[in-house]
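Fold and contact review
Chain by chain, the residues:
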Amino acid sequence: QVLENALLLDESFDYPFEKLLTISKMRSSDKALRVFTWNLQNNEGINDFFGIIQLNPKNTRGHIQKVIPLLNQKGELIKAENKSFNPNQWPGAVYYQIVSIKKGKQNYYVLPGWRGIDNGLTQKVIEVIHLNGDNVKFGYPVLKNEKKMQRRFVFSYNAKATMHLAFDEKKEQF
């Protein structure tokens with residue numbers, strides 16, 4: 001709640017929040033939005049995810065500060081590659097990159113992220129955010145696998161393993 005209130009202050013869109021060391025803070029290259037995500041792990045090793053999207057007030061109705069809290073759906077993402085979610089159904093992840101994609105007149109934001117489920121299972125995701133005015137939708141079919149378009153990619157693996165997932169700007173692919 002404290003971060004959400006701080007993000008509602010005038011001029012907060014440009015404030016760096018450098019002292020928030022355990023929170024992922026990213027800004028899209030077109031400066032349309034910022035994404036803040038973090039996780040907390042309980043004593044049993046179960047992670048809970050938290051997030052806030054801050055829209056650039058220059059792009060909102062009435063040019064006011066707009067923040068969108070993200071409410072985490074807990075558990076493993078199963079068969080979620082073709083589902084859309086609103087911020088109240090956010091699948092939860094700590095995102096570490098924003099890739100802006102323009103298709104026609106629409107802007108999409110692709111976010112690779114980490115989802116630690118528990119001590120045995122981890123997931124990496126490639127999530128797509130679409131803005132429609134002040135509304136945010138998670139999962140938009142702009143990602144292509146070998147056969148069809150998908151709304152997101154989910155990679156599940158043993159928590160003891162590691163996986164590198166990042167966007168290569170030269171090749172324009174993950």
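Every value quoted in this text rests on a predicted model; they were computed, and no experiment measured them. (Residues numbered from 1 in each chain as written. Predicted model: local features only at pLDDT ≥ 70, side-chain atom pairs only at ≥ 80, totals over all residues. Heavy atoms only, no water.)

Okay, the packing of aromatic side chains next. Under the defined criterion, the tally for this structure stands at 8 aromatic pairs. Ring geometry for Trp 38 versus Phe 50: centroids 5.8 Å apart, planes at 15°, classification stacked. Note that Trp 38 is positioned in strand 2 (residues 33–41) and Phe 50 in strand 3 (residues 47–55), a separation of 12 residues in sequence. Assessed through its relative accessible area of 28%, Phe 50 is described here as partly exposed. (Phe/Tyr/Trp six-rings, centres within 6.5 Å; stacked < 30°, edge-to-face > 60°. Helix = DSSP H or I, 4+ residues; strand = E, 2+ residues; numbered from the N terminus. Buried < 20%, exposed > 50% of the residue type's maximum accessible area, 1.4 Å probe, protein only.)

Reading across from one edge, 1-2-3-4 is the order of the 4 strands in this open sheet, with antiparallel pairing throughout. Whereas interior strands pair on both sides, the edge strands pair on one side only; in this sheet they are strand 1 (24–27) and strand 4 (66–70). When strand polarity is set aside, the average angle formed by the axes of neighbouring strands in this sheet is 15°. In this structure, strand 2 lies alongside strand 3, joined through 9 bridges in antiparallel fashion. Residue pairing in the sheet places Arg 34 in a bridge with Gln 54 of strand 3. (Pairing = 2+ DSSP bridges. Axes fitted to C-alpha atoms, helices over the stretch in contact; angles between N-to-C directions.)

Considering the arrangement of structural elements, one finds His 130 in strand 8 (residues 121–132). A polar side-chain atom of His 130 sits 2.7 Å from a polar atom in the side chain of Gln 106. The residues contacting His 130, other than those within four sequence positions of it, are Gln 106, Asn 107, Tyr 108, Asn 135, Val 136, Lys 137 and Tyr 140. (Polar contact = N/O pair within 3.5 Å; in protein donor to acceptor, adjacent residues only side chain to side chain. Contact = heavy atoms within 4.5 Å.)

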